[in-house]
Amino acid sequence: MFPFAMTPQQAGEELLRFNKKMMAGLSSMSEVGPISAGVSNREVVYTDDKLVLYRYQARVEKRHRVPLLIVYALVNRPYMADLQEDRSLIRGLLDEGMDVYLVDWGYPDGSDRFLELNDYINGYLKRCVSYICEAHDLYRINLLGICQGGTFSLCFTALHPEKIRNLVTTVTPVDFQTPDNLLSHWAKNLDVDLMVETLGNIPSDLLNFTFLSMNPYRLTGQKYLDMVDLLDQPEKLKNFLRMEKWIFDSPDQAGEAFRQFIKDFYQRNGLVKGEVMIGDQRVDLKNIAMPVLNVYATLDHLVPPASSKALKGLVGSTDYTEVPFKGGHIGLYVSGRAQQEVPPTIANWLKARG
Amino acid sequence: MANDAFSVDWMQGWSDLQRKIWNEWIAMAGELNTNRSFASMPGMEGAAQWPMQWLQQAMGAAGQGGGAGGGAMPWSMPWMQQAAGAASPGGGSGTAAPWGMPWMPQGMNTAPMDDWMRVFGVYSPESAPEKSAMTNMMAAASSFVRMSQEIFQSLQKMGEGIQDGADWTKMLDRSIQQAKGLFTGQDGGKAALDPMAAWGQPLQLWMGMLKNNPLFSTPALQSAVMTGMQSGLEEQGEAWLQQVLATPGLGLTREKQERLQEGMRDLLLYRKAAQEFHTLTSQVNVQALDLLHKRLLERGATQKPLESMRDLYVLWVDCCEEVNAEMVRGQAFQQVNSRMINAMMRVQKHVQVATDEMLAALHMPTRRELDSSHRQVQDLKRRLRAMEEEIKGLRTQDHSAEMRSIRDDLDRLDVRNLRQELADMKGLLEGAQAGLAGQGDKKAGSASRSRVATREKPAQEPAAPAAKKGE
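Residues numbered from 1 in each chain as written. Chains lettered and ligands numbered in written order. Predicted model: local features only at pLDDT ≥ 70, side-chain atom pairs only at ≥ 80, totals over all residues.

*Asks:* Would you explain the overall build of chain A in this entry?
*Replies:* If you tally the helices and strands in chain A, you get 14 helices and 10 strands. Whereas a compact globule of 354 residues would reach a radius of gyration of roughly 20 Å, chain A reaches 22 Å, a difference of no more than 12%. Overall, the C-alpha framework of chain A stretches about 70 × 55 × 45 Å when taken along its three principal axes. Residue pairs at least 24 apart in sequence account for 80% of intrachain contacts in chain A once pairs closer than 6 positions are excluded. (Helix = DSSP H or I, 4+ residues; strand = E, 2+ residues; numbered from the N terminus. Rg over C-alpha atoms; globule rule 2.2 N^0.38 Å. Contact = placed C-beta atoms within 7 Å.)

*Asks:* Where do I start with the overall build of chain B in this structure?
*Replies:* Counting its secondary structure elements, chain B contains 18 helices and 0 strands. Within chain B, the proportion of its 471 residues that are buried is 21%. Long-range pairs, those at least 24 residues apart, make up 59% of the contacts in chain B between residues at least 6 apart in sequence. (Buried ≥ 20, exposed ≤ 12 C-beta atoms within 10 Å, placed from the backbone.)

*Asks:* Teacher, can you tell me more about helix H13 (residues 331–361) of chain B here?
*Replies:* Three or four residues apart is the spacing at which side chains of an α-helix point the same way, because the helix has 3.6 residues per turn. Residue and element names in this part refer to chain B. Here H13 spans 45 Å end to end across 31 residues, near enough to the 45 Å set by a 1.5 Å rise per residue. Along H13, the residues that are buried comprise Val336, Asn337, Met340, Ile341, Asn342, Ala343, Met344, Met345, Arg346, Val347, Gln348 and His350. Count one or two residues on from H13 and you reach His363, which has phi positive near 60 degrees. (Expected span 1.5 Å × (residues − 1).)

*Asks:* Would you explain the confidence of the model for chain B in this entry?
*Replies:* For any part of a model where pLDDT is low, the fine detail of the predicted coordinates should not be relied upon. Residue and element names in this part refer to chain B. Of all residues in chain B, 54% have pLDDT values of 70 or greater, and the mean over the chain is 67. Of all the helices and strands in chain B, helix H4 (residues 78–87) carries the lowest mean pLDDT, 33, while helix H14 (residues 367–396) carries the highest, 93. Predicted confidence for residues 41–52 stays below pLDDT 50, and this span has 26 contacts to residues more than four positions away or in other chains. Across the assembled chains, the prediction reports ipTM 0.88 with pTM 0.75. (pLDDT = per-residue confidence, 0-100.)

*Asks:* When you look at the sheet that holds strand E4 (residues 100–104) of chain A in this model, what are you seeing that I'm missing?
*Replies:* Strand pairing in a sheet relies on backbone hydrogen bonds. The paired strands run either parallel or antiparallel. Residue and element names in this part refer to chain A. If you walk across this open sheet you meet the 8 strands as E1-E2-E4-E3-E5-E6-E9-E10, and the pairing is mixed. Looking at the sheet topology across the chains shown, the edges are occupied by strand E1 (42–48) and strand E10 (320–325). For this sheet, the mean angle separating the axes of adjacent strands, direction not counted, is 20 degrees. Against the sheet, helix H14 (residues 336–352) makes contact with strand E3 (68–71), strand E5 (141–146), strand E6 (164–170), strand E9 (292–297) and E10, and its axis sits at roughly 175 degrees relative to E10, the strand it touches most. (Pairing = 2+ DSSP bridges. Axes fitted to C-alpha atoms, helices over the stretch in contact; angles between N-to-C directions.)

*Asks:* In this structure, what is going on with the environment of A:Asp119? I would like to understand it.
*Replies:* Looking at where A:Asp119 falls in the secondary structure, it is placed in helix H3 (residues 117–136). Separated by 138 residues in sequence, A:Asp119 and A:Ala257 place their C-alpha atoms 8.7 Å apart.

*Asks:* Help me understand helix H12 (residues 309–328) of chain B in this model?
*Replies:* Residues and elements named next belong to chain B. Helix length check: H12, at 20 residues, gives a terminal C-alpha distance of 28 Å against a target of 28 Å (1.5 Å per residue), a fit within 8%. By the burial criterion, the buried members of H12 are Met309, Leu312, Tyr313, Trp316, Val317, Cys319, Cys320, Val323, Asn324 and Val328. Along the axis of H12, the buried residues cluster in a sector spanning 160 degrees; they form a single face. (Arc of directions from axis to C-beta.)

*Asks:* For this particular structure, what's the right way to read the nonpolar core?
*Replies:* Soluble globular proteins tend to bury their nonpolar side chains together. Within the largest apolar cluster, 153 residues are counted, with the highest numbers of intra-cluster contacts made by A:Leu69, A:Ile70, A:Val71, A:Val100, A:Val103, A:Leu125 and A:Cys155. By residue number, the principal contributor to this core is helix H11 (residues 254–301) of chain B, which donates 12 residues. Of the domains in this structure, domain 1 (11–142) and domain 2 (195–363) of chain B are the two that each give at least three residues to this core. Filtering out sequence-adjacent residues up to four positions away, A:Val100 remains in contact with A:Tyr56, A:Leu68, A:Ile70, A:Ile90, A:Leu93 and A:Leu94. (Core = buried A, V, L, I, M, F, W, Y, C linked by C-beta atoms within 7 Å. Domains from an automatic or database assignment.)

*Asks:* Quick question: what am I supposed to make of the pairing of E1(A) here?
*Replies:* The side chains of a regular strand alternate between the sheet's two faces. Residues and elements named next belong to chain A. As paired elements, E1 and strand E2 (residues 51–56) share 6 bridges and run antiparallel to each other. Residue pairing in the sheet places Tyr46 in a bridge with Leu53 of E2. Between the end of E1 and the start of E2, which pair antiparallel, lie 2 residues, with Asp49 showing a positive phi angle near 55 degrees.

*Asks:* Could you clarify how one ought to interpret the pairing of E3(A) in this entry?
*Replies:* Residue and element names in this part refer to chain A. On E3, burial covers both faces: Leu68 and Ile70 on one face and Leu69 and Val71 on the other are all buried. Across 4 bridges, the pairing between E3 and E4 is parallel. Across the sheet, residue Val71 finds its bridge partner in E4, namely Val103. Since E3 and E4 lie parallel, the crossover through helix H2 (residues 89–95) that links them has a hand, and here it is right-handed. As paired strands, E3 and E5 are joined by 4 bridges and run parallel to one another. From the neighbouring strand, Ile70 faces E5, where its bridge partner is Leu144. (Right-handed = clockwise from strand over helix to strand, strands pointing away.)

*Asks:* Please explain unusual backbone geometry as it appears in this structure.
*Replies:* Peptide bonds are trans in most cases, and residues, glycine excluded, mostly fall at negative phi. Residues and elements named next belong to chain A. Within the chain, Asp49 stands out as a residue other than glycine whose phi angle is a positive 55 degrees. Along the chain, the position of Asp49 falls in the loop between E1 and E2. Since 15 C-beta atoms lie within 10 Å of it, Asp49 is described here as partly exposed. Located in the positive-phi region is Cys147, a residue other than glycine, with phi close to 55 degrees.

*Asks:* Mind showing me how you'd approach the packing of helix H8 (residues 216–228) of chain A against H12(B) here?
*Replies:* In a packed pair of helices, the relevant descriptors are the angle between the two axes and the axis-to-axis distance. It is at 9 Å that the axes of H8(A) and H12(B) come closest, and there the two elements cross at 155 degrees. In terms of axis orientation, H8(A) runs roughly antiparallel to H12(B). On H12(B), the residues touching A:Pro216, A:Tyr217, A:Arg218, A:Gly221 and A:Gln222 of H8(A) are B:Val314, B:Val317, B:Cys320, B:Glu321 and B:Asn324. Per-class residue counts for the contact of H8(A) with H12(B) are 5 nonpolar, 3 polar and 2 charged. (Parallel < 35°, antiparallel > 145°, perpendicular 65-115°, else oblique. Nonpolar A, V, L, I, M, F, W, Y, C, P; charged D, E, K, R; others polar.)

*Asks:* It is not clear to me how the environment of A:Tyr46 should be interpreted in this structure. Could you clarify?
*Replies:* Residue and element names in this part refer to chain A. Topologically, Tyr46 is positioned in strand E1. Here Tyr46 falls in the partly exposed class, since 17 other C-beta atoms lie within 10 Å of it. In this structure the C-alpha to C-alpha distance between Tyr46 and Phe209, which are 163 residues apart in sequence, comes to 34 Å. Beyond its immediate chain neighbours, meaning those up to four positions away, Tyr46 contacts Leu53, Cys128 and Tyr131.

*Asks:* Before we go on, may I ask you to explain the packing of H11(B) against H12(B) in this structure?
*Replies:* Residue and element names in this part refer to chain B. As a packed pair, H11 and H12 sit with axes 8 Å apart at the nearest point and diverge in direction by 125 degrees. Comparing the axis directions of H11 and H12 gives the class oblique. Handedness of the H11/H12 crossing: right-handed. When H11 is examined against H12, the residues Val284, Gln287, Ala288, Leu291, Leu292 and Arg295 are found in contact with a partner set consisting of Leu315, Trp316, Cys319, Cys320, Glu322, Val323, Asn324 and Met327. Considered class by class, the residues forming the contact of H11 with H12 number 10 nonpolar, 2 polar and 2 charged. (Left-handed = near helix turned anticlockwise from the far one by under 90°.)

*Asks:* Explain the environment of A:Pro179 here, please?
*Replies:* All names here are of chain A. Note on placement: Pro179 falls in the loop between E6 and helix H5 (182–187). Residue classification places Pro179 among the exposed positions, given that 9 C-beta atoms sit within 10 Å. In the structure, Pro179 is positioned 127 residues away from Ala306 in sequence and 9.1 Å away in space, judged by C-alpha atoms.

Below, the structure is given as structure tokens:
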């Protein structure tokens with residue numbers, strides 16, 4: 001059978017519809033207005049160089065007594081966790097009674113080129129945790145890491161287990177050399193020393209280019225063709241543009257921290273081998289003896305599930321829970337189903353552990 | 001069903017469709033209400049103020065002049081001249097634009113979609129992310145419409161063939177082979193379809209940095225290398241250049257020349273690596289068409305025909321992604337990609353060194369100096385943080401236990417007895433002095449021993465210090 005069942009009339013009508021939509025979209029794009037992100041009310045409670053620590057306003061009368069600090073990655077901006085009213089991990093956690101804090105690392109510039117992982121983990125992050133402990137008169141708090149922020153949370157908790165009561169990791173790379181890890185495959189032969197010596201901070205465009213290269217035809221072509229279908233739906237168009245803003249609103253990466261992260265984690269797979277050094281301290285995941293909740297996405301193309309699941313055999317905790325989410329790397333935070341599943345899962349797990 | 005689809009003249013259908021689209025655009029242009037005028041566009045100075053005026057001018061001029069090349073127009077844009085040149089019998093490559101419609105004005109004898117996209121680009125939003133999304137949308141739409149047009153033409157040929165009793169599978173195969181030419185560029189020309197144009201932007205950005213490379217101070221060498229970058233050096237020419245670059249330098253500028261030669265060798269390596277990368281990645285489009293061919297045959301066999309252009313586009317994207325995924329997971333891509341990026345970094349490093357030398361000569365801050373300063377500031381910040389934490393620790397440390405311990409020690413010392421002991425010693429001294437005088441020696445020694453015995457008593461009473469501990 002001939003594989004096309006189209007008449008010229010049908011195909012013509014389709015193209016005409018497409019063009020009409022696009023033409024109409026010219027004005028809707030101009031009228032869409034400013035694209036904002038980050039919807040939950042919050043206040044700045046602590047600053048440290050470019051870092052800002054936010055505390056979110058409660059949405060229920062009684063908050064959980066142990067605060068939860070969210071640690072985001074250095075790549076992209078943390079408002080992904082609070083993108084819009086109906087797609088917000090933070091809002092979901094607030095509704096569940098969590099007392100939420102968020103680390104915003106800011107946009108590094110040339111003066112931050114020599115920031116090391118030690119500065120991020122034993123410096124900025126440690127001071128944020130200390131601040132919250134003092135503010136709440138507590139010895140320990142709960143920690144939630146997102147992607148690279150999850151890896152940072154693992155390092156911090158392994159180095160300072162006395163500061164963390166419960167640890168939650170989401171889409172967190174642990175084993176950086178699983179066979180399906182494309183980023184690791186690409187990074188293997190890169191001369192990162194030369195790259196950092198040459199570029200200083202790593203430009204965000206380079207990282208975005210790398211991420212786009214994973215699905216170039218869909219991410220640079222089909223996606224925008226699909227966008228034409230949204231042009232006559234202002235809310236959906238705005239949501240699309242909000243996500244578009246988040247994708248390309250990427251900070252540069254502080255050179256030394258980038259060098260260390262690529263070499264020690266991606267190229268040497270040091271976290272799994274127990275060889276990562278933060279400052280003069282070795283990261284031993286066996287030190288993580290408190291309860292651990294590890295949430296991963298089954299369709300994650302950036303952090304393959306196997307990479308996250310490797311945590312199970314490495315931590316010293318006897319209370320380890322693994323939760324798969326059927327979706328992708330970003331879907332775990334912004335998809336409609338995630339709003340129903342992820343915040344309650346995390347909050348209930350934390351509440352059960354005091 | 002299949003034969004029904006080919007019972008009409010497809011090209012007539014396409015022509016009617018384009019006319020319809022064209023009319024829609026004209027209507028839309030008339031409705032656009034904006035303050036932005038064409039006159040603000042580069043190359044459009046003195047042009048009509050509004051789209052409708054522009055269209056009338058264009059069509060009027062084309063109607064009067066009737067000549068190719070757009071020369072009769074009161075103004076022109078570079079892209080229009082190029083398009084018209086290509087379409088004219090004697091102009092450009094002589095290749096007529098395949099999408100030219102007889103009813104369209106001369107000088108606009110190119111893809112109407114492209115024309116209008118350029119025109120309406122001026123109306124696109126100015127702020128991100130709307131602007132970039134709009135640009136990408138237009139690029140994707142342009143590819144889609146062009147692709148649709150090619151498919152229309154292929155289907156028409158196939159339809160005619162099928163009506164004449166030809167084997168559609170062979171015709172499909174022929175069409176796929178022709179389509180490959182669109183992606184690879186025929187006769188060494190530029191590919192007509194570039195689905196990865198947006199993807200290529202960052203790469204072009206990176207490559208663009210080489211254009212102003214201060215390394216190439218010698219015009220001849222600069223020309224030689226940049227020509228090679230653009231069109232590919234002949235092997236012989238490259239060997240010659242390598243030989244030149246291997247010549248040792250002499251005298252005062254020896255070191256500089258050596259660095260320059262090294263930089264140029266790295267540039268040649270980068271050029272080679274970039275070509276390897278391009279060769280490897282461009283195979284994706286061709287292999288994806290082979291996969292598409294396979295998928296179409298499967299659909300034919302399973303009685304699941306495609307029912308829209310969009311379905312076909314999505315199927316093609318799926319094929320591209322599948323082929324691309326396999327390619328980027330391979331060892332070849334890993335090596336070629338790393339080689340290109342590493343080579344690019346080496347070239348950039350030379351650029352930086354040369355730039356620093358120039359800046360130093362102008363007594364301006366260099367990147368090296370800035371790096372040193374930033375490193376020092378970072379070190380100082382670390383030390384400051386460490387001291388702050390130490391001071392904070394000292395301030396908040398709990399000294400009460402230590403204080404109690406010191407107080408206990410003080411209590412045990414029994415200051416009264418110490419005074420007594422001092423007095424006793426003084427007495428002994430006086431007694432010793434008096435002994436020199438004779439008689440009083442025995443009395444004094446006896447009193448002294450008695451006082452020492454009395455003094456040891458309180459030390460044997462633990463009650464007093466123990467009571468103070470609780471204070």
